[in-house]
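Chain by chain, the residues:
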Amino acid sequence: NATGCSSIYGGNLPMTPYTVDVNGRGPAWSNSLFEDNAEFGFGMRLAVDSLQEQASALVRVMAGKLGDNLVKGLLEADQSTEAGIAAQRERVAQLKKTLAGLDTKEAARLGEIADYLVRKSVWILGGDGWAYDIGYGGLDHVLANDRDVNVLILDTEVYSNTGGQASKATPTGAAAKFASAGKEIGKKDIGLMAMAYGHVYVARVAFGAKDVQTLKAFQEAESYDGPSLIIAYSHCIAHGYDLALGAEQQKLAVDSGVWPLYRFDPRRAAQGQPPLQLDSGEAKISAKQYMRNETRFRMVEKLDPERFRRLLNSAEKQARQRVSLYKQLSGVSVPQISDAEIEAAEPVATKA
């Protein structure tokens, strides 16, 4: 969890979401520096994978003492569901009982790391200041790998925790520190950039607009065996309205096309389907109706009404173009080419 609102407000004592259930199980939470959060979480994934590989190797070494059925179950367990994970936990408990009766170095070491035979989920959390700007190089590096990590960007469209400076996530027309007259350039499309890799699961969500779509995105990201990125609309006091109306404002953002909802799942491409699914349709209202509800946009009008009108028109144009682009991409299937076709297309080598 990168330092920011998610760690300061999200983990504020005496209440914290990072707790345990009746069995003592829960998230192992750690706080990272603002600039290296992606690398920090990636290191956790590498460590977990390394310990899982060590445990699996020791199970194979001790197979004769553990029994074929237990070894097969531990090494070949399907842990893609909660039921599968629960079954693996029972096998690990049985393993520990067996190891307790064995007095060897291998048994002692396997007993220490046996819990890593149960699938671990790694989530990297942070805001747009981290993901779009200061930590983007690290985030891009992590997404460019094939490890099973999940990234959640809590996108407030501004550096919230440090006083409200403009970030590359700040949209056109919004006022913020270093953009007090309204940001001229549009919002960086980090989701589209991640989709370009082809192997990254990407989703854009706003639970105030479509909570079921948000839930589906988290379930799909969790089940995807590779890097996943979820960009979540996160309302903030820097937006300048009563946050009790946050869910309603999220819906306006989606209905206006300013915040289109989608899920890009590489697994769909293998099935001959377009990997991108656009979950929000055509704009139902204008971008202006959404923007006029927030002080960060209205204060630009007070400073320079003519500039505000121009920025509003620019934001409207960008929203329509973005939805149009996603709509086109949602109809594009990725050609699936077999190894046999590649080999058949190779030219026959000739002698000089």
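Notes on the structure follow. Note that the structure is a prediction, hence the values are computed from the model and not measured. (Residues numbered from 1 in each chain as written. Predicted model: local features only at pLDDT ≥ 70, side-chain atom pairs only at ≥ 80, totals over all residues. Heavy atoms only, no water.)

1. Some points on the overall build of the protein
Reasoning step 1: The helix and strand tally for the protein stands at 16 helices and six strands.
Reasoning step 2: Taking the principal axes of its C-alpha atoms as reference, the protein extends roughly 80 × 75 × 40 Å.
Reasoning step 3: The buried share of the protein, reckoned over its 352 residues, is 43%.
Reasoning step 4: A separation threshold of at least 6 residues defines the contact pool for the protein, and within that pool the share at least 24 residues apart is 69%.
Reasoning step 5: Accessible area of the protein: about 18400 Å², with a carbon and sulfur share of 56%.
Reasoning step 6: A distance of 4 Å separates the average location of the 40 positive side-chain charges in the protein from that of its 43 negative side-chain charges. (Helix = DSSP H or I, 4+ residues; strand = E, 2+ residues; numbered from the N terminus. Buried < 20%, exposed > 50% of the residue type's maximum accessible area, 1.4 Å probe, protein only. Contact = heavy atoms within 4.5 Å. Areas by Shrake-Rupley, 256 points an atom, 1.4 Å probe, with all protein chains shown as cover. Lys, Arg positive; Asp, Glu negative; His and termini not counted. Charge placed at Lys NZ, Arg CZ, Asp CG, Glu CD.)

2. Some details on unusual backbone geometry
Reasoning step 1: Of note, Glu157 is a non-glycine position whose phi angle comes to about 65 degrees, a positive value.
Reasoning step 2: For Glu157, the location among the structural elements is in the loop between strand 2 (150-155) and helix 9 (190-195).

3. Comments concerning the state of the cysteines
Reasoning step 1: Counted under the stated rule, the structure contains zero disulfides.
Reasoning step 2: Sulfur of Cys5: no disulfide; nearest cysteine sulfur belongs to Cys236 and is 5.7 Å away.
Reasoning step 3: Classification of Cys5 as partly exposed rests on a relative accessible area of 24%. (Disulfide = S-S within 2.5 Å.)

4. What to know about the pattern of salt bridges
Reasoning step 1: What the rule picks out here adds up to 22 salt bridges.
Reasoning step 2: Here Glu282 makes a salt bridge to Lys327, at a shortest N to O gap of 2.6 Å. Taken together, the residues span a long stretch of sequence, with Glu282 in the loop between strand 6 (276-278) and helix 13 (287-291) and Lys327 in helix 15 (residues 305-329) at a distance of 45 residues.
Reasoning step 3: Lys327 gets classed as partly exposed once you look at its relative accessible area, which sits at 46%. (Salt bridge = Lys/Arg side-chain N within 4 Å of Asp/Glu carboxyl O.)

5. Examining the layout of surface pockets
To find leftover empty space, one rolls a probe the size of a water molecule over the atoms.
Reasoning step 1: Volume-wise, the second largest pocket comes out at about 420 Å³.
Reasoning step 2: Contributing elements (two or more residues each) for the lining of the second largest pocket: helix 1 (5-8), strand 1 (123-127) and helix 7 (128-134).
Reasoning step 3: Top contributing element to the lining of the second largest pocket by residue count: helix 7, with three residues.
Reasoning step 4: Split into classes, the residues belonging to the lining of the second largest pocket amount to 10 nonpolar, 12 polar and one charged. (1 Å grid on protein atoms, 1.4 Å probe; cavity = no way out; pocket = protein on both sides within 12 Å on 5 of 7 lines; lining within 4 Å. Points joined across faces, edges and corners; volume = space filled by probe spheres on them. Nonpolar A, V, L, I, M, F, W, Y, C, P; charged D, E, K, R; others polar.)

6. With respect to the environment of Thr295
Reasoning step 1: In this structure, Thr295 sits in helix 14 (residues 295-303).
Reasoning step 2: By relative accessible area, which is 32% here, Thr295 ends up partly exposed.
Reasoning step 3: Sequence-wise, Thr295 and His239 are 56 residues apart; in three dimensions their C-alpha atoms are separated by 6.2 Å.
Reasoning step 4: Other than its neighbours up to four places away in sequence, Thr295 contacts His239 and Gly240.

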